[in-house]
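Now for the letters of each chain:
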Amino acid sequence: MEHDRTRTRAWVLHPEIKSDEQRRVPEPALAEAVSLAVALPDLDVIGSDIVRLPRAQPGLLFGSGKIEELGERFHDAEVELVLIDGPVTPVQQRNLEKAWNVKILDRTGLILEIFSDRARTREGVLQVEMAALSYQRTRLVRAWTHLERQRGGLGFVGGPGETQIEADRRAIDDQLVRLRRQLEKVIKTRTLHRAARAKVPYPIVALVGYTNAGKSTLFNRLTGAEVMAKDMLFATLDPTMRRVELPDGPEIILSDTVGFISNLPTELVAAFRATLEEVLGADLIVHVRDISHDETEAQAADVETILTSLGVDEDRPRLEVWNKIDLLNADEREAALARADREAEIFAISAITGEGITALLAEVAEKLQGTRREETLTLSFAEGDKRAWLYRHDVVRSEEQTEDGFQIAVLWTDKQASQFAAI
């Protein structure tokens, strides 16, 4: 009972603005926003609404009549926090907080709250702090007249509650510089780790996809790991890597990355670019989709948009995995399996039941091995270190000793050839 009294009563609003060319289908968008709110452990979501608007009001977002109507509803329900699924300007936030006497958090603030709750590694914590400070900096506006009191969301994204805005901005900038220096040290260490992995001939396969698409469940099935996998948005945040031996194929490093989401805050795209560098360096990208979701096509488009913004080129080898076919009805399932049979780079699977996994792994092995080529090398007796490297990396097909050294037939990838040339 003690814990129940500390929970925050929240209401979720999704503004459907007709003049917004990028607007999403409102019902699934509201459902996603509610799922985001539920992902925070200390929130009780007691209600949600779609608010249809001809256009956004610059000062209040909503019209005066709608504000009065919602205000009465919030008062009767004893709402403490209103989550608005979309961007809210600092002026709109101030005016709505004053009109409704509640705290306001927009979509960016909500996602930052979730990320701050889920970050576990040192790098993840630093990146979230930097993103949150960048977000806070935009909230410091002279239009605020109530900065004498503390304000904010659930705590992490909350503003400093001071009136000296320029001093606040300088303090945030100083903190950002300190965090950036700390992050550079962490990134340098991780870069060394990645360089060490690059000397090992294991190709990297990166799992990417919309949040809650089932990447972590698939990762656990393939690796035997116990990465957190729940029916919850952003169940996992920090990337995880494991070595996997493919049946009749090479050993690989499998990487499970943070899930993407539509309208991902620009602060987070920038902050997590370093974390997602594993995707940029991957030999194969596996895009995992929740094929049972009503908005699966829109989610796939959002993932492609974010991959492009991260600098992932279209020529990078990739596979598309239609996960959760166990949740489809008979007709939908048959259609999904039929299309997967027709299109070589689409695989319909269930990470829960294991259906389709064997075919997927066979294609991953084929994709990675298909890039190998045969070559004959001539090494002198003095180049024993190079000969040892070839055997250590299991690329030798045959070897003949000559008067001057060795003739060695190898089967390797371009990546391994470049690594060998660097010895």
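Structure shown above.
Residues numbered from 1 in each chain as written. Predicted model: local features only at pLDDT ≥ 70, side-chain atom pairs only at ≥ 80, totals over all residues. Heavy atoms only, no water.

### A few points about the packing of helix α5 (residues 107-118) against helix α6 (residues 122-139)
And then number 1: It is the contact of α5 with α6, at a shortest axis distance of 10 Å, that shows an interaxial angle of 155°. One element, α5, and the other, α6, form an angle in the roughly antiparallel class. Relative to α6, α5 is oriented so that their crossing is left-handed. Between α5 and α6, the contacting residues are Thr 108, Gly 109, Leu 112, Phe 115 and Ser 116 on the first element and Val 128, Ala 131, Ala 132 and Tyr 135 on the second.
And then number 2: Its residues placed into classes, the contact of α5 with α6 shows six nonpolar, three polar and no charged. (Axes fitted to C-alpha atoms, helices over the stretch in contact; angles between N-to-C directions. Helix = DSSP H or I, 4+ residues; strand = E, 2+ residues; numbered from the N terminus. Parallel < 35°, antiparallel > 145°, perpendicular 65-115°, else oblique. Left-handed = near helix turned anticlockwise from the far one by under 90°. Contact = heavy atoms within 4.5 Å. Nonpolar A, V, L, I, M, F, W, Y, C, P; charged D, E, K, R; others polar.)

### So, the packing of aromatic side chains
Centre-to-centre distance and the angle between the planes together describe a pair of aromatic rings.
And then number 1: The full count for this structure, using the stated rule, is six aromatic pairs.
And then number 2: Note on Phe 74 and Trp 100: the rings are 4.9 Å apart at their centroids and 90° apart in plane angle, and the pair reads as edge-to-face. Remark: Trp 100 occurs in helix α4 (residues 90-100) and Phe 74 occurs in helix α3 (residues 64-77); sequence separation between them is 26 residues.
And then number 3: The interplanar angle of 75° and the centroid separation of 5.4 Å between the aromatic rings of Phe 381 and Phe 406 together place this pair among those described as edge-to-face. Note that Phe 381 is positioned in the loop between β11 (373-380) and α14 (384-392) and Phe 406 in strand β13 (residues 405-412), a separation of 25 residues in sequence.
And then number 4: A connected cluster of aromatic rings, assembled from ring pairs, spans Trp 11, Phe 62, Phe 74 and Trp 100.
And then number 5: The ring of Phe 420 carries Lys 386 above its face, with NZ or CZ at 5.7 Å from the centroid.
And then number 6: Positioned above the aromatic ring of Phe 406 is the side chain of Arg 387, whose terminal nitrogen or guanidinium carbon lies 4.4 Å from the ring centre. (Phe/Tyr/Trp six-rings, centres within 6.5 Å; stacked < 30°, edge-to-face > 60°. Lys NZ or Arg CZ within 6 Å of the ring centre and 35° of its normal.)

### A closer look at the nonpolar core
And then number 1: Core analysis: the biggest nonpolar cluster contains 36 residues, and Leu 43, Leu 83, Leu 110, Phe 260, Val 279 and Leu 307 have the highest contact counts within it.
And then number 2: Counting residues per element, the ones that place at least two in this core are β1 (8-17), α2 (26-38), β3 (81-84), α5, β5 (204-209) and α11 (296-310).
And then number 3: Each residue touching Val 279, except ones within four places of it in the same chain, is listed here: Ala 206, Val 208, Thr 257, Ile 285, Leu 307, Val 312 and Arg 316.
And then number 4: One finds Val 286, Val 288, Ile 357 and Leu 368 within the second-largest nonpolar core, a separate group that totals 24 residues. (Core = buried A, V, L, I, M, F, W, Y, C linked by side-chain atoms within 4.5 Å. Buried < 20%, exposed > 50% of the residue type's maximum accessible area, 1.4 Å probe, protein only.)

### Observations regarding the pairing of strand β12 (residues 396-401)
And then number 1: Inspection of the sheet shows β12 paired to β13 by five bridges, in the antiparallel sense. The residue bridging Glu 399 from the neighbouring strand is Ile 408, located in β13.
And then number 2: Linkage of β12 to β13, two consecutive antiparallel strands, is achieved through a turn of three residues. (Pairing = 2+ DSSP bridges.)

### Some details on α3
And then number 1: Between its terminal C-alpha atoms α3 stretches 20 Å, which fits the 20 Å expected from 14 residues at 1.5 Å a residue.
And then number 2: Packed against the buried residues of α3 are β1, β2 (43-53), β3 and α4.
And then number 3: Directly beyond the C-terminal end of α3, a positive phi value near 55° is found at Glu 78. (Expected span 1.5 Å × (residues − 1).)

### Remarks on unusual backbone geometry
And then number 1: Look at Asn 101: it is not a glycine, yet its phi comes out positive at around 55°.
And then number 2: Of note in this structure, Asn 212 is not a glycine but carries a positive phi near 75°.
And then number 3: In this fold, Asn 212 is placed in the loop between β5 and α8 (215-223).
And then number 4: Overall, the relative accessible area of 22% leaves Asn 212 in the partly exposed class.

### Focus: the pairing of strand β8 (residues 284-290)
The side chains of a regular strand alternate, residue by residue, between the two faces of the sheet.
And then number 1: A large share of β8 lies buried, amounting to seven of its seven residues.
And then number 2: Taking every second residue as pointing to the same face, both faces of β8 are buried, with Leu 284, Val 286, Val 288 and Asp 290 on one and Ile 285, His 287 and Arg 289 on the other.
And then number 3: Bridging between β5 and β8 involves five bridges; their strand directions are parallel. From the neighbouring strand, Val 208 faces β8, where its bridge partner is His 287.
And then number 4: Pairing of β8 with strand β9 (residues 318-323), which is carried by six bridges, proceeds in the parallel orientation. Each residue of the ladder has a partner; that of Val 286, found in β9, is Leu 319.
And then number 5: The handedness of the β8 to β9 crossover, carried by α11, is right-handed. (Right-handed = clockwise from strand over helix to strand, strands pointing away.)

### Some points on a negative patch on the surface
And then number 1: On the surface, a cluster of negative charge is made up of Asp 294, Asp 331, Glu 332 and Glu 334.
And then number 2: In this fold, Glu 332 is placed in helix α12 (residues 330-342). (Patch = residues over 30% accessible without salt bridge, like charges linked within 9 Å, V, L, I, M, F, W, Y side chains within 5 Å. Areas by Shrake-Rupley, 256 points an atom, 1.4 Å probe, with all protein chains shown as cover. Salt bridge = Lys/Arg side-chain N within 4 Å of Asp/Glu carboxyl O. Lys, Arg positive; Asp, Glu negative; His and termini not counted. Charge placed at Lys NZ, Arg CZ, Asp CG, Glu CD.)

### Re the sheet that holds β2
And then number 1: With respect to topology, four strands assemble into an open sheet ordered β2-β1-β3-β4, the strand pairing being parallel. Looking at the sheet topology across the chains shown, the edges are occupied by β2 and β4 (103-106). For this sheet, the mean inter-axis angle between neighbouring strands, taken without regard to orientation, is 25°.
And then number 2: Pairing analysis gives four bridges linking β1 to β3, with the strands arranged parallel. Counterpart to Leu 13 in the pairing with β3 is Ile 84.
And then number 3: α3 contacts β1, β2 and β3 of the sheet and is inclined by roughly 160° relative to β1.
And then number 4: Each of β1, β3 and β4 touches α4; the most contacted strand, β4, lies at about 145° to it.

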